[in-house]
Amino acid sequence: MTEVRPQAVPSAALWERDEEVAVITQAVETLCADRSSPGGLLVFRGEAGLGKTALLAETRRIAEHRGCTVWSARGGETLRSVPFNVVRQLLQPALVSMLPEEAREYLGDWYDIAGPALGIADPGERYADPQGVYEGLVAAVRRLARRDWPLVLLVDDAHWADQETLGWLASFAERLADVSVLVVVARRPGEISGAGARHLDAVAADRPVATLGALTPEGAAGLTRATLGEHADAAFCREVWAVTGGNPYETVELLAKVQDAELEPIEAHAGELRDLNRSARGGGLVARLEQLGIDATRFAWAAAILGTDITVALAARLATLDVDDAARCAERLRGARILTVPDPSATGRTAPADLEFVNPLIATDVYKSIPDALRRAMHGIAARIVTDSGRGAAAAARHLLEVHPEDDEELVRQLREAAREHLAVGAPDAARRCLERALEEPPRPEVHAQVLYELGCATFLTAPARTIGQLRAALGMPGLDGDRRVDAVVRLSQALLHNDQPEEAVRTVEAEAARLEPGPAQMRLKTVQFMWEGIHAGETASPGRSERLAELAATCTGRDNSERALLIVRGFDAMMRGENAEEIVEICDRALVNGRLAPGLGWTDSEWGVELLLMLADTYAYTDRLDRAESLYHEALHAYDTAGWSGGHLALAHAYVGLGHRRRGRLEAAEAALRESLRLAERVGRGLPLYWTATCNLVDTLLARGHVDEAWEVAERYGFAPPYPSTIVLPDPRSVRGRLLLAVGRVQEGVNELEAAQKAATARGHHNPVHVFWAADLARALATEDPARAARLAVDVRRQAERFGTDTAIGDALRVAAALETGQRAVRLAAQAVTYLESSPCQYEHAVARVEYGILARSAPDLERGLALARSCGADGLVKRAGEELGAGVGPR
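Residues numbered from 1 in each chain as written. Predicted model: local features only at pLDDT ≥ 70, side-chain atom pairs only at ≥ 80, totals over all residues. Heavy atoms only, no water.

1. Describing the overall build of the protein chain
Counted only if it meets this: Each helix is a run of DSSP H or I of at least 4 residues and each strand a run of E of at least 2, with the numbering of both proceeding from the N terminus. Each residue gets one of three labels from its accessible area relative to the maximum for its type: buried under 20%, exposed over 50%, partly exposed in between, using a 1.4 Å probe on protein chains only. When checking whether two residues touch, look at their non-hydrogen atoms; a contact exists if any pair is within 4.5 Å. Working definition of accessibility: Shrake-Rupley area with a 1.4 Å probe, residue cover restricted to the visible protein chains.
When you go through the protein chain residue by residue, the secondary structure sums to 46 helices and seven strands. Projected onto its principal axes, the C-alpha coordinates of the protein chain cover approximately 110 × 70 × 50 Å. Counting over 893 residues, the protein chain shows a buried share of 57%. For the protein chain, contacts bridging at least 24 residues in sequence account for 69% of all contacts bridging at least 6. For the protein chain, the computed accessible surface area is about 36,200 Å², with 50% contributed by carbon and sulfur atoms.

2. Side note on the packing of aromatic side chains
Convention followed: Only Phe, Tyr and Trp rings take part, Trp by its six-membered ring, and two of them pair if their centres are within 6.5 Å. Stacked means planes under 30 degrees apart, edge-to-face means over 60, and tilted covers everything else. Placement of a charge over a ring requires the Lys NZ or Arg CZ to be within 6 Å of the ring centre, with the centre-to-atom vector within 35 degrees of the ring normal.
Scanning the entire structure with this criterion turns up six aromatic pairs. Ring centres of tryptophan 168 and phenylalanine 172 lie 5.5 Å apart, and the angle between their planes is 15°; on these two criteria the pair is classed as stacked. Highlighted residues: tryptophan 168 and phenylalanine 172, both in helix H8 (residues 163-174), separated by four residues, approximately one helical turn. The buried category is assigned to tryptophan 168, whose relative accessible area is 1%. Looking at phenylalanine 172, the relative accessible area reads 0%, which means it is buried. The cationic tip of arginine 524 hangs over the ring face of tryptophan 608; the distance from NZ or CZ to the ring centre is 5.6 Å. The ring of phenylalanine 773 has arginine 739 sitting right over it, with the charged end atom 3.9 Å from the ring centre.

3. Description of empty space enclosed by the protein
To be explicit about the condition: Both cavities and pockets are sets of points on a 1 Å grid over the protein atoms alone; in a cavity a 1.4 Å probe fits but cannot get out, in a pocket the set is open with protein on both sides within 12 Å along at least five of seven lines, and lining residues sit with an atom within 4 Å of a point. Grid points are joined across faces, edges and corners, and a volume is the space filled by probe spheres set on the points. As a working rule, the residues Ala, Val, Leu, Ile, Met, Phe, Trp, Tyr, Cys and Pro are called nonpolar, Asp, Glu, Lys and Arg charged, and the rest polar, with Gly in that last group.
Enumeration over the complete set of coordinates arrives at two cavities of 30 Å³ or more. The computed volume of the largest cavity comes to approximately 40 Å³. Around the largest cavity, the lining residues are Gly534, Arg545, Phe572, Asp573, Met576, Arg764 and His766. By residue number, the principal contributor to the lining of the largest cavity is helix H30 (residues 561-577), which donates three residues. Looking at the lining of the largest cavity residue by residue, the class counts come to two nonpolar, two polar and three charged. Of the volumes computed, that of the second largest cavity is approximately 30 Å³. Lining the second largest cavity are Ser81, Val82, Pro83, Ala394, Ala397, Arg398, Leu401 and His422. In terms of residue class, the lining of the second largest cavity is built from five nonpolar, two polar and one charged.

4. Details of the side chain of threonine 165
Note the following rule: Throughout this description, a polar contact denotes any pair of N or O atoms lying within 3.5 Å of each other; where both atoms belong to protein, one of them has to be capable of donating a hydrogen while the other can accept it, and for residues adjacent in sequence the pair is counted only when both atoms sit in side chains.
Position of threonine 165 relative to the elements: it lies in helix H8. Since its relative accessible area comes to 2%, threonine 165 is described here as buried. Within the local environment of threonine 165, its side chain forms a polar contact with the backbone nitrogen of valine 86, the two atoms lying 3.4 Å apart. Of the polar contacts made by the side chain of threonine 165, one reaches the backbone nitrogen of valine 87; its length is 3.1 Å. When residues no more than four places from it in sequence are discounted, the contact partners of threonine 165 are Phe84, Asn85, Val86 and Val87.

5. Some words on the confidence of the model for the protein chain
The cut-off we apply is this: On a scale of 0 to 100, pLDDT captures the predictor's confidence in every residue.
Overall, the predicted model of the protein chain reaches an average pLDDT of 88, with 95% of residues at or above 70. Below pLDDT 50 for its whole length, residues 1-10 participates in 21 contacts with residues either more than four positions away or in separate chains.

6. Some details on the packing of helix H43 (residues 823-838) against helix H44 (residues 843-857)
Keep this limit in mind: Note on method: axes are straight lines fitted to C-alpha atoms, helices fitted across the in-contact stretch only, with angles between N-to-C directions ranging 0 to 180 degrees. When describing relative orientation, an angle under 35 degrees is termed roughly parallel and one over 145 degrees roughly antiparallel, while 65 to 115 degrees is termed roughly perpendicular and anything else oblique. In this scheme the crossing of two helices becomes right-handed for a clockwise turn of the near helix relative to the far one and left-handed for an anticlockwise turn of less than a right angle.
Contact pair H43 / H44: the axes reach a minimum separation of 9 Å and the direction vectors enclose 155°. Of the possible angle classes, the one that applies to H43 and H44 is roughly antiparallel. Considering how the two elements wind past one another, H43 and H44 form a crossing that is left-handed. Here Ala826, Val827, Ala830, Ala831, Ala833, Val834, Leu837 and Glu838 of H43 come into contact with H44, specifically with Glu845, His846, Ala849, Arg850, Tyr853, Leu856 and Ala857. Grouping the constituent residues of the contact of H43 with H44 by class yields 11 nonpolar, one polar and three charged.

Written out as structure tokens, the structure is:
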């Protein structure tokens, strides 16, 4: 049978789609108006067969007529496990056509990050951060769009796109205002759940979605007559609509079968339409395949297993047919409108494919018709074909996932290798699927624990609760020894901490350390234990913890990273307790090598984690060594940018760069960094410690700027209120919340919050008045109502500041004392505060002290200098206060 198409098919799929076509036309015109035009996004949603693909084809026609470059891709139901499959379809042809050096030039710094995901560069040894890869892919499109403007991207069957592509698409949709690209997405409702569904919903967030409906009875009649002739009578046309439910695809296929059967379109033949329609899908399709013969059926099954890039030769190998027989099967399947020849003008791609299914609905039905055991066996053959071709374990993984478990040691090895490749390109969810399937095989007893450990590492960032069970199971089996076992224990403790189980995290490393003999491994575990205890914001500190930590650190010279890590933890603990700052800095300096981080202790090294280095940088920040702190913060930012780590790590880096700016007194720069941190943190999830760090510091910075209403709005929007996180946040969130409440006039609530900060800090032994500043603000709040208590608090603040010994701490304590005094004693104390803060690196605090002294001493020069400092800091509220005092005139009262 030769393939016959109804004459009306080219326009039939767009029947009753004038409104949608008009929207497409307008979007293309907007894109083409100017190179600076903002990008656009159209989403067409509809059930199977309602014409989504036809609308994308029409988009291509319209766009190419206007001179646009058009790239397209399509999701596949059997290809959802292939990471970056759809985005590779979109971008790979353009990049592969370039010379390697040209592609590297276009992607720039993102080449090593996005290149492996796109399949144009080999992956590195380090695991890639998924969010960083998304950012790299966004950058790739941004740069290619400048070369190929005006650019249109078409994504068909997005509900079947892989999760990684959907993650990129969601990230890209956020940037469309700045990228002159039109994206058109077609999807079915439902069909997807989990992270992929969230990404797909984010793509269309705050954008109109066009929902396609079925043909009306009148539309079905018009299409019937346009296809079969105007003589088709009304009863026949009504039956066409009733049989197909107005589904355009089913209507077109039914009318094609009417033509093949040479059926007269009159009422007398209307009853035959249901039988004709039944053969198009489901059981009818299976019966139609059987009529074509066993060889054609096997060829169709092979094509369904391959899913994409179907060649006669490849399908022949999979179906165990010789090439000539396979070619004849392909011809029969084309004649039966099951397979067709790809149309390059419709796809814009020149993939090495001889065939594709006429419609994804048919592909699905054919795939589901394959007997279960045979389907699994054919996937096994397909996996061997892919592996033999040299494309690697990751390319074969989608087939390996479907093979029936049968205690195959080689299959376990291939799946583990595929998981490593997936992690290297930024696809941890794909790695998880491979390792979970490897466990079903199951692995040999000697490697079972290692597979569980690798699975725990793969799920660490995306599912810490699941990681806990996997690592615990691994540690309960033989097979994890030496450094690998210690790594697993540390990773388990990190997962427990991220899952808000800090006490269990401490117990886990403590128990493992007790099993080991003294040495580097035991020292590492003890250090991690002390680190988690120091980060945990529980009700009380472990009795004698700081003393034990100090004793152990006193024996360390910094000869290896375990000792260096312990010195950092000791320095951080001493800083939080408010011990002498000079001694604290000396301890931290011993943890460095020639003033720099030791090899293996870098920001992207995985052995210790980011928490340790943040402890070091924060200790320097609060001991007035801001040059060292800022160097470490910016080093982190550069390291994560370079490595493409754009998730929680980059959010933390921006937050602490903001903290550095805040401590230095660059308030506008601090606000910008902290807002960027919050933007990134929103992607990771609210309620996490990094989210609290960004929010707390932003509120504190806005208060310093004098933007009280804005600080309150941020606190309300981002939930900056009790209950507080179970990990330490700098500065102390209770102190910042108390200061905020006082600033908005909720004095009693502010006093209550500061008293709660006092209780928590005392229980933990945190007496550093710089980062836990509750006492200073509480003393000012109680100055009128309870002056005796306020005075005691001021004395205590000064005592702790002098013990700590930094210029900032002593200067701030003197400011508090001056605020509680009157007359010349107040002036003298304010003058002393200026002297100390003039030597401090914290310029905002210096500006405040200078203005306060200028007001008390009625000194115009000091007010003017304070005003200049406040302006340089971006402290608008302080600028206003100093300006008002100068405007009112100063001099002896």
